[in-house]
Structure formats: structure tokens, C-alpha cells
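Read off the chains here:
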Amino acid sequence: MSAAGEVVPGLASRPRPAGRADRPARLGARAARAWRAVRWYVGALLGDDDHARYVAHLARTSPGATPLDVGEYWRERHAHTARHPGSRCC
Amino acid sequence: MSDASGVEVLRTEEGALPVGVIDRRPMPVRSKIVFAVIALLGAVAWSVIAVVRGETVNAVWFVVAAVCTYAVAYRFYARFVERKIVRPRDDRATPAERYENAKDFMPTDRRVLFGHHFAAIAGAGPLVGPVLAAQMGYLPGTLWIVIGCVLGGAVQDFLVLSISVRRRGRSLGQMARDELGRVGGIAALVGVFVIMIIIIAVLGLVVVNALAESPWGIFSIAMTIPIALFMGVYLRFLRPGRVSEVSLIGLVLLLLAIVSGGWVAETDWGQDWFTLSKVAIAWLLVAYGFAASVLPVWLLLAPRDYLSTFMKVGTIVLLAVGILLVRPEVQAPAVSSFALEGNGPAFAGSLFPFLFITIACGALSGFHSLIASGTTPKLLEKESQARLIGYGGMMTESFVAIMALVTAVVIDQHLYFVMNAPTALTGGTPEAAAAYVNGLGLGGPDISPGEIAGAAENVGEESIISRTGGAPTLAFGMAQVLASAIGGSSLASFWYHFAIMFEALFILTTVDAGTRVARFMLSDSLGNLGGPAKRFRDPSWRVGAWLCSALVVAGWGAILLMGVTDPLGGINTLFPLFGIANQLLAAIALSVVFTVVVKKGLFRWAWIPGLPLVWDLVVTMTASYQKIFSTDPRLGYWAQHDAFRAARDAGEESFGSAATPEAMDAVIRNTAVQGTLSILFAALVLVTVLAAAVVCVRAVRAGGLPTSEEPDVPSQIFAPTGMVPTDAEREIQALWDAEGPRPARAGVHG
């Protein structure tokens, strides 16, 4: 869980008891939740939400500052990675 | 303060929300039963694998045995190590929280970080080593992968990560200097650098051997470069930040590249352009390595990274699904004659020590310690998550290694040796190869030349004879398994080239990233020399960057070319060097860990890192000794060197598998280089271990010494510990969620 308090799909609520009639709807809802969870995970892993986290971080630490836009943020990130390369194992 | 149930909540400020949970509740009965069942199942699976004789074993037992062992080890041994040595404190701010800068220090969700860390440590290593080790039968490899991981590799990753987290995410080299002193630090640094060079070279050799004489493979891999460039440009200029979108596009293009490779390989022009010799591919790889390491990160490296991450997860799933769906029977014996006699064609040497050298990634891999002390410690949210990420990540890679081993041992034994014996033994043609493998005493019906040629045609290749290096064998096995599961034999060639593609993708990413890291180490060290060389420290100085890149690429390129032109077959001679180098790096990492443990006064638990350290040293020193001093020319580099030298001096025109005087000269040169490298590695590690021993003796005498741990800073965030939050953690998380977005951290560093 990000400490910014975002709710992660698929974790928070417990399944509610229900009758047979809404079983397909429940399955559909579960599948939708699972898909959202996969999309969240892939996005977080690859870095889709890194810019949003940067903006939130800046808002927290320097409230008056103007955040970089997405393009500029990623240019900065890549420039930083170029200066501090990480290994990839065998 | 704790309540009666044994759940203690950690607060760092009066009245603030809790930042951690200490759960001292006893294990519920249901969990105990579950683990008893798991343990029983695992025991049954192990006995089937280890004891069954005469009938064939089903591959599923391997998966069951491995998974059950991992579950038990993670729940009990890893927790034990955590309690006795790591002692994580969630009320302490990790460097990610403390130095958060939205660039490299960022508290990252543990599930996402697990993915990052796993993608960083897993590559072609766990796929290649086990495949080569299958020459010794299925049992030794399986035992070493699982036991070595649980007691060695996972412990190393876990402890290195934990130690680095307490030191601001410092790298292994820096920690070696801080804890072992100047001499140990320099030896560790030089060791890391040299070992990185050899690892890149040998992985390059694996790629070269996989792609040689394969127009389909060359075309597909060549296409990944424009695909990556396109992705890079797209992300930079068209849709910045849409990483998963561009990765999906790239993945589709990648699959298209694999499929179209088949079409291209059928055409005449395709075969003309894309059938390349090993030497040609090696030179292309050298050129690629240089170019990729000087081009901007966003253009080539980052897009490749995104593609690789996708493929890594996809590969595990595919392998697992394939094995569980098809449930193939194992063809290899439990322990082959090559294990006992040490005369195997894939690599020379007997089971001890060379099995443990050949399988590094998946059991105990020193390179992981560079990752565990690289970007991961700067992203860890809470200290208690290190078990999941460090120990759990390595276990997952070990599982990949098991599946790779299974894939190799379900191949018909004759075909396995056709693929893995060097050309000098197989002769290169189906007739000669059939004659060779039929003479190996493998049991079962003899193989015919037609079957060998047919197997190659089935996977869309001209020939599969002497396709050494492990990658083609894994691809072949995967094609066999997956074709039975999905699509039938018409898809076999797609699966084969898909497997080659992802292995090459992983390796090329390692080559690119490794060259950059090595270049940085080099320019940093040159910068330390002072005077005009100080300019090397400036990363924006292009000439310096290019020069250092060229030097690094020349280093591994030379070894690669040496391996490619070796008349004895590069994998046979160089792979042991790769394994020894990797394990020696593990010895360096474990020495640092051991020293820290001793310095902290935890003498009673020093055996936890001590056990793998001692084992690793025994294995690598024995292997190094044999490689340097053995009088058997098949085993010892210098013995081989002397034998060829003597023949050359006596005026012979050919000797052994070197058919010309130039080839003999090549062997003389190559074995000298390999012998020197072996001596260098062993010396560096001995120096490091001695430095560690000196510090440890001092620490024992003093009853403990200060370490370079950073002082405590209280944490102000909360995060669950394991993959799935416990009920107590869920309650606390709900409290945090109700609070809304978190306020600015008091006294944060910008």
C-alpha cells in the first residue's frame, strides 16, 4: 500500500454473503476486480504512476513548488539513471 | 505496548497512528496443519525423486518437491534468520522513507518491489546453468538448486539486502570497504569489476552459440533493436509516461518479429543475410555492447528493460503451465556416469566441485548481492519486508531454475548430448553425431541420423548439433513441452524461437546494464587517481564515458572472441570460469555479511552466513585449484597450455582438436588467459576473506565492534510486511486510509 493512502483494488473489502441469484454478477465483479488488480500491478511495476507519486511527493514536501510535467519528469529520471546505472543479473 | 492477544503496535509519536505491528501470536492450529501437510507432501515428492529407480519419474514431482521445500523454508528458516540476525524494526525509517526524492529513493509497495527485484536478479542464469548441469543426471542438480537456495543463496540475498538497508542503500563494494577495511574494500571492488567482465563475456558466448547459423534467430533478435528504439522515441516524444501502453505495443511487435523470422528464414535473401557465423555474431555483439552503453538510457536500455520484465514473468508462467499441463516423463537418469567419472562433454569435471560451479543463479549467486545492495534497498518501505523481497525473490528464481532443469531432463538423452557436446566430439553432421552419442552408453534405443535432422527441422533450424551453451537446449525442451500442451508440433518452431528470443533479450539487457555499471566503476576508479584523470568522475564528460566504455567492452569482447574461436568449444572451457567468478563474488558478499554479524556480537548465529560461506569457499577454491593445478589437460588450464606448447615446440601441425598450427596457438593463448584469470579470481577472494578474518578476530576479542550502520530515525509511514496483509495490519491500514493523504514528513531531506 502506498502510504499516500491509495486503496488498492481487490484488497480492502471482505466478500459479503449473498444468495445464488447474484452469483454471475458476483463472478463478474470479482473478474473485474482481478483485472483492475492486474492492471494496477503492471502499471506500478513498469512505472505508469511514478509521475503521480512524484507530484504527490512534491506537494507534501514543498507545497508551493510547481511540479515538472510528465515528459520533463521522465527526462530527469532517465538522466539520473544514466548517472547511476543499476545492474541486471545474469 | 501490546494487548492480551500478543499483537503489539509500534508508534513513533504519542497519539500518532501506528507505524508497525509486532505479531507474537502463536501459530494457529489451522496453519500448523497446513504446514504439516506441505511438509509431508514435500517429503513424499523428494522420496519419489531420490529413491525411485527403474521406472521413469514424472516432472510434476520436481515442482511439488521444490515448492513444498520453499514454503517450509520461507515460513520457518527465513523467519528464524530474521529473528536471530536481521531483527527488523518497523519503527525505524528505511532510506526510502528518510531520503525520499521520487527518483531513486522511493518507498515502493512491497509487491511491486518484489517484481522489480525479481526482474533485476533473474535473467538467463537460472535457465542456462541447470541445463548444462543436467549432464550429471537430474538428482544432483535438483538437490543443489533447492538446498543451496534455501540455505545459501536466499540467505545471502536476504542478509545483504538487510545490511544495505541499514546503511543508506550502500553498494557491496562500499560496504566491503566500510566493514573490512581498505585492503578488503579494494580487493572486493577489483573482484566485482573483473567478475562482471567475465560474466558479460560468457553470457555473450551463450547468445552467440544460440544464434549461430540460425537466420530465424538473428532476424528476430535484430528486430528487437528497432522495436526498442521505437518504444524509446514513442515514450520520449509521443506519449511520455505511458509505459505499460508502450510495453504492450512492444510485446506485440516482438511476437510479430518471432513469427516473421520464420517467414524470413524460408526465403533465399533471408538466409543469405541472416545466417551468420559465431565470429561475426561475436563482433556484432561487441559493437552492440559499445553502442548500447553510450546511447542515452531512454533510447535503448529502458525500453529493453520494460520488454524483459514482461517476458520474465511470462516465461515462468509458461514453463510452469507447460510442465503442469503436460506432466512429461523424465528421460535423464538420477545420477549419470558423467557425474561419477567427470568426463562429461558439456563441461569437464566431476560432480564435486563442478556441479556447484555450473549452477550458480538459482542456488547461490554472488551477482545478486550487487542487486540486493543496488537499487532495491533504496526502495524498501519497511525493514520487515526484506524477507519477502530478498529471501522470497531468490526462492522464485530458484523455482525458475528447477523448471529449467526439468525442461532439460525431459528431452531424449541422445538429443541432449547431440546438442551439448562440442563439435570436436560430435563431428557436426547427423551421421557423426549419431555415432558419437550412440557410443556414450546412455541406455534406451539408439538414435538415427534421420531423427537428429528431423528434430532440427521440427524447430525450424538447419541443425541442432553442438548447439552448446544451454539456451538452445532449453528452447528445444520448452518447444517440446509447450507443443504438447498448446498447438501441437506445428507450433514447436514458434516456441523454440520464442524461448531463444527471451533468453537473448535477458542476456542483451545484462550486457548493456553490466557494461554501464562496469564503466562507472572504471571511471570512478580512474577518477580517484587524481590529477588530470579527475575528469573521469564527471559523468557528463562524453570522451571519458566513451573511453571507459570502450575499455570495458574490449575486456569482455576479447574473452568472448577467445571463447568463440576456441577449438575446444568455448562453453566447455569458459563456463566453469563464469561459475567460479560468480561464486567467488558470493564469497565476497558472504564475507561482508559474516563480518557484520560477528561485529554485532551475534556469535551464536554466525553460522547462518558462515555455513554457505564455508561451503562456497571450499567449492570454489577446490574448483580453482583443479583449474589451475590439475595435470589432466581436460581439466586444468595450465596443463592444457603446457601440452599444446610442448606439441607446438615439437613441431606438430595439429594436436587434439586443434587442426592447424594457428588453432594450436589459439589454444595456447586462450588457456594462458583463462589460467591467469583463475589465479586472479582466487587471489582476490582469498585477500577479501583474509581481511574479513582479521576483522572478525578483532571483533571476537573485543566482544563486538561498531559497524557502519546509520543511526535510527523514527518512521512515519505504515506498510504491511508480507504479500498478503494480516488482519491486524488491515485494521491499521484502514486507520491510515481514513486519515487521508499523509502530511509532510517532519525534517525530511529534500
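Residues numbered from 1 in each chain as written. Chains lettered and ligands numbered in written order. Predicted model: local features only at pLDDT ≥ 70, side-chain atom pairs only at ≥ 80, totals over all residues. Heavy atoms only, no water.

As named in an unreviewed UniProt entry, chain B is Carbon starvation protein CstA, taken from Cellulomonas cellasea DSM 20118. Here chain B is described in UniProt, under the heading Subcellular location (unreviewed entry), as follows: "Cell membrane". In UniProt, chain B has this text filed under Sequence similarities (unreviewed entry): "Belongs to the peptide transporter carbon starvation (CstA) (TC 2.A.114) family." (UniProt positions renumbered as here; feature names shortened; annotations may be inferred.)

The name an unreviewed UniProt entry assigns to chain A is DUF466 domain-containing protein, from the organism Cellulomonas cellasea.

K.L.:
Even after reading the chapter, I still don't get the side chain of T426(B), so can you show me in this structure?
P.N.:
Residue and element names in this part refer to chain B. Here T426 lies in helix α19 (residues 423-426). The class of T426 is buried, set by a relative accessible area of 1%. Every residue in contact with T426, bar those within four places of it in the chain, is listed here: F417, V418, A421, A432, A433, Y436, I465 and S466. (Helix = DSSP H or I, 4+ residues; strand = E, 2+ residues; numbered from the N terminus. Buried < 20%, exposed > 50% of the residue type's maximum accessible area, 1.4 Å probe, protein only. Contact = heavy atoms within 4.5 Å.)

K.L.:
Would you mind showing me how to read the nonpolar core here?
P.N.:
The tendency in soluble globular proteins is for nonpolar side chains to be buried side by side. Residues and elements named next belong to chain B. The biggest cluster of nonpolar side chains holds 248 residues, and the ones touching the most others in it are Y70, Y391 and W556. When near neighbours in sequence (up to four residues on either side) are disregarded, W556 contacts I197, I200, A201, L285, V286, G289, V511 and T515. By size, the runner-up hydrophobic cluster in this structure holds nine residues, among which are V7, F718, A728 and W736. (Core = buried A, V, L, I, M, F, W, Y, C linked by side-chain atoms within 4.5 Å.)

K.L.:
Is there a simple way to think about the UniProt feature "domain: CstA N-terminal" (unreviewed entry) in chain B in this case?
P.N.:
Per the UniProt record, "domain: CstA N-terminal" (unreviewed entry) is annotated on residues 58-623 of chain B. Secondary structure across residues 58-623 of chain B comprises 73% helix and 0% strand; the distance between its end C-alpha atoms is 33 Å.

K.L.:
Mind showing me how you'd approach the packing of aromatic side chains here?
P.N.:
One pair of aromatic rings is described through two measures. These are the centre distance and the angle between the planes. Residues and elements named next belong to chain B. In this structure the tally under the stated criterion is 33 aromatic pairs over all chains. Judged by centre distance (6.1 Å) and plane angle (75°), the ring pair of W269 and W273 falls under edge-to-face. Of the two residues, W269 and W273 are both situated in helix α11 (residues 268-274); the distance of four residues between them amounts to about one turn of the helix. With a relative accessible area of 47%, W269 lands in the partly exposed category. One aromatic cluster in this structure is built from F494, W495, F498, F502 and F506. Looking at R168, its charged tip hangs above the ring of Y99, at a distance of 4.0 Å from the centre. (Phe/Tyr/Trp six-rings, centres within 6.5 Å; stacked < 30°, edge-to-face > 60°. Lys NZ or Arg CZ within 6 Å of the ring centre and 35° of its normal.)

K.L.:
Teacher, can you tell me more about the interface of chain A and chain B here?
P.N.:
As a measure of interface size, the accessible area lost when the parts come together is often cited. Counting residues at the interface gives 42 residues for chain A, matched by 65 residues for chain B. Between chain A and chain B, roughly 4500 Å² of surface is buried when both sides are summed, and carbon and sulfur atoms account for 60% of that area. Seen at the junction of chain A and chain B, the total is three salt bridges. Taken together, chain A and chain B are joined by twelve residue pairs in polar contact (both at pLDDT 80 or more). The set of elements that each furnish at least two residues to the side of chain A that touches chain B consists of α1 (23-46), α2 (50-61) and α3 (70-83) of chain A. (Buried area = accessible area lost by both parts, 1.4 Å probe. Salt bridge = Lys/Arg side-chain N within 4 Å of Asp/Glu carboxyl O. Polar contact = N/O pair within 3.5 Å; in protein donor to acceptor, adjacent residues only side chain to side chain.)

K.L.:
Even after reading the chapter, I still don't get the packing of helix α8 (residues 182-211) of chain B against helix α24 (residues 542-565) of chain B, so can you show me in this structure?
P.N.:
If you want to describe how two helices pack, look at the angle between their axes and the distance between the axes. All names here are of chain B. The geometry of α8 relative to α24 is characterised by a closest axis approach of 8 Å and an angle of 45° between their N-to-C directions. Between α8 and α24, the angle falls in the class oblique. At the point where α8 passes α24, the crossing takes the right-handed sense. Note on element contacts: α24 touches α8 through V552, G555, W556, I559, L560, G563 and V564, opposite F193, I197, I198, I200, A201, G204, L205 and V208. Here the residues of the contact of α8 with α24 sort into twelve nonpolar, three polar and no charged. (Axes fitted to C-alpha atoms, helices over the stretch in contact; angles between N-to-C directions. Parallel < 35°, antiparallel > 145°, perpendicular 65-115°, else oblique. Left-handed = near helix turned anticlockwise from the far one by under 90°. Nonpolar A, V, L, I, M, F, W, Y, C, P; charged D, E, K, R; others polar.)

K.L.:
What's the story with helix α13 (residues 301-326) of chain B in this structure? I'm lost.
P.N.:
Quick reminder: α-helices carry 3.6 residues per turn. Residues three or four places apart thus point the same way. Taking 1.5 Å as the rise per residue, α13(B) with 26 residues should run 38 Å; its terminal C-alpha atoms sit 36 Å apart, in good agreement. Within two residues after α13(B), R327(B) carries a phi angle of roughly 50°, on the positive side. (Expected span 1.5 Å × (residues − 1).)

K.L.:
Would you explain unusual backbone geometry in this entry?
P.N.:
What is expected of a backbone is that most residues other than glycine have negative phi and most peptide bonds are trans. Residues and elements named next belong to chain B. Note that the residue after F352, namely P353, is joined by a cis bond; omega there is 0°. For A102, which is not glycine, the phi dihedral falls at a positive 55°. Look at A102 and you get buried, because its relative accessible area is 3%. With a phi angle near 65°, R168 is a residue other than glycine that sits in the positive phi range. Mapped onto the elements of the fold, R168 is located in the loop between α6 (138-165) and α7 (172-180). Overall, R168 belongs to the partly exposed group, its relative accessible area being 40%.

K.L.:
Just to check I follow, could you spell out the side chain of T407(B) for this structure?
P.N.:
All names here are of chain B. Along the chain, T407 falls in helix α17 (residues 386-409). From its side chain, T407 meets the backbone oxygen of M403 in a polar contact 2.6 Å long. Every residue in contact with T407, bar those within four places of it in the chain, is listed here: L319, I323, L474, G477 and M478.

K.L.:
Whenever I open this one, the environment of H80(A) confuses me. Can you help?
P.N.:
By the secondary structure assignment, H80(A) is in helix α3. The buried category is assigned to H80(A), whose relative accessible area is 11%.

K.L.:
What's the story with a nonpolar patch on the surface in this structure? I'm lost.
P.N.:
Residue and element names in this part refer to chain B. Taken together, the side chains of L143, I147, L151, W607 and L611 define a hydrophobic patch exposed on the protein surface, amounting to about 410 Å² of accessible area. Every element with two or more residues in the nonpolar patch is listed here: α6 and α26 (607-629). It is α6 that contributes the most residues to the nonpolar patch, three residues altogether. Along the chain, L611 falls in helix α26. (Patch = residues over 30% accessible without salt bridge, like charges linked within 9 Å, V, L, I, M, F, W, Y side chains within 5 Å. Areas by Shrake-Rupley, 256 points an atom, 1.4 Å probe, with all protein chains shown as cover.)

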